[in-house]
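Structural description and commentary
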Amino acid sequence: MGRSRYQFTEPGMPHFMTCTVLHWIPVFTRPETVEILLDSFRYLMKDSLRVYAYIILENHLHFIAQSEQLDRHMARFRSYTAKQLIRFLQENKVKTILDQLAFYKKAHKRDRAYQFWQEGVHPEWIQNEAIMRQKIAYIHQNPVNRGYVDRPEHWRYSSARNYLGMEGLLKVCREW
């Protein structure tokens, strides 16, 4: 995963991860930008990625995922979504955000005009069921704790509905 000091402790086991937009810029405020993330997850899920829980907020996302090639899947996810999101911003002439992505880009990234994601996904190995439950609760409570909604299942871009037996935007694996 690039220059990150964070490593996948137990490849093939579930990990809690976070992807943050560079400088916490709010990009996921339109359904179209969120759909780019969901489509990428759907594609990777056809290639053995298991997603257990997720939340997409305005400038970052948390999720729990597992695969034998988790580092490779995350690199593909971040690369593809960055390209698609930058293209969306360009096509829709969102100059303010594009200017910020160019301004805050790391100096060593000379091969591109923009940097979309902060480096690393900060993976935390889910070692047991208690940690899994705690991380899922953290993910689902995030918009409630921020005061965006009263109940976790009211946040559209979350797996909270899935855990209540309702249909969510992304089919998640509830068995671990």
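Our structure is the block above this text.
What comes next is a walk through the structure. (Residues numbered from 1 in each chain as written. Predicted model: local features only at pLDDT ≥ 70, side-chain atom pairs only at ≥ 80, totals over all residues. Heavy atoms only, no water.)

1. With respect to the overall build of the protein
Across its full length, the protein holds four helices and four strands. Counting helices and strands in the order they occur from the N terminus, the protein gives β-α-β-β-α-α-β-α. If you line up the protein on its principal axes, its C-alpha atoms span 40 × 35 × 30 Å. The burial tally for the protein puts 48% of its 176 residues in the buried class. Relative to all contacts within the protein whose residues are 6 or more apart in sequence, the contacts with residues 24 or more apart total 69%. (Helix = DSSP H or I, 4+ residues; strand = E, 2+ residues; numbered from the N terminus. Buried < 20%, exposed > 50% of the residue type's maximum accessible area, 1.4 Å probe, protein only. Contact = heavy atoms within 4.5 Å.)

2. Topic: the environment of Gly168
Inspection of the secondary structure assignment puts Gly168 in the segment after α4 (129-145). Judged by relative accessible area, Gly168 falls into the buried class, the value being 18%. As a C-alpha pair, Gly168 and Ser158 span 10 residues in sequence and 7.5 Å in three-dimensional space.

3. Examining the side chain of His140
Inspection of the secondary structure assignment puts His140 in helix α4. From its side chain, His140 meets the backbone nitrogen of Ala160 in a polar contact 3.2 Å long. Dropping the residues within four chain positions of it, His140 is found in contact with Ala53, Tyr54, Pro152, Ser158, Ser159, Ala160 and Tyr163. (Polar contact = N/O pair within 3.5 Å; in protein donor to acceptor, adjacent residues only side chain to side chain.)

4. Side note on the sheet that holds strand β4 (residues 124-125)
Strands sit in the order β2-β3-β1-β4 across an open sheet of four strands; the sheet is antiparallel. Pairing within the sheet leaves two strands with one partner each, and these edge strands are β2 (50-56) and β4. Its contacts with the sheet put helix α1 (residues 31-45) on β2 and β3 (60-66), and the angle it makes with β2 is roughly 175°. (Pairing = 2+ DSSP bridges. Axes fitted to C-alpha atoms, helices over the stretch in contact; angles between N-to-C directions.)

5. A few points about the nonpolar core
Phe28, Phe116 and Trp117 are the most contacted members of the largest nonpolar core, which totals 52 residues. Counting only elements with at least two residues in this core, the list comes to β1 (15-20), α1, β2, β3, α2 (70-91), α3 (95-103) and α4. When residues of this core are assigned to their parent elements, the largest contribution, eight residues, is made by α2. (Core = buried A, V, L, I, M, F, W, Y, C linked by side-chain atoms within 4.5 Å.)

6. Topic: the pairing of β2
Burial analysis of β2 places six of its seven residues in the buried class, which makes it a mostly covered element. With antiparallel pairing between neighbouring strands as the criterion, β2 and β3 make up a hairpin whose turn holds three residues.

7. Observations regarding the pattern of salt bridges
Applying the stated criterion across every chain yields a total of 10 salt bridges. Its salt-bridge partner being Arg42, residue Glu35 comes within 2.7 Å of it at the nearest N-O pair. Put simply, Asp39 and Arg42 hold a salt bridge, and the shortest N to O gap is 2.7 Å. Taken together, the residues Asp39 and Arg42, both in helix α1 and three residues apart, mark about one turn of the helix. Judged by its relative accessible area of 39%, Asp39 is partly exposed. Note on Arg42: relative accessible area 28%, which makes it partly exposed. Each of Glu35, Asp39 and Arg42 takes part in salt bridges that share partners, so that together they form one network. (Salt bridge = Lys/Arg side-chain N within 4 Å of Asp/Glu carboxyl O.)

8. Some remarks on α4
Under the 1.5 Å per step criterion, the end-to-end length of α4 is 23 Å for 17 residues, consistent within 8% with the ideal 24 Å. The largest bend in α4 comes to about 30°, at Ile139, with the proline Pro143 one to four residues further on. Of all the residues in α4, the buried ones are Met132, Lys135, Ile136, Ile139, His140, Asn142, Pro143 and Val144. Of the surrounding secondary structure, the elements contacted by the buried residues of α4 are β1, β2, β3 and β4. The opening residue of α4, the one whose side-chain oxygen lies 3.1 Å from the backbone nitrogen of Ala130, is Asn128. With its phi angle positive at about 80°, Gly147 sits one or two positions after the end of α4. (Expected span 1.5 Å × (residues − 1). Bend = angle between axes of the 7 residues up to and from the residue.)

Nothing here speaks to function; it is geometry throughout.
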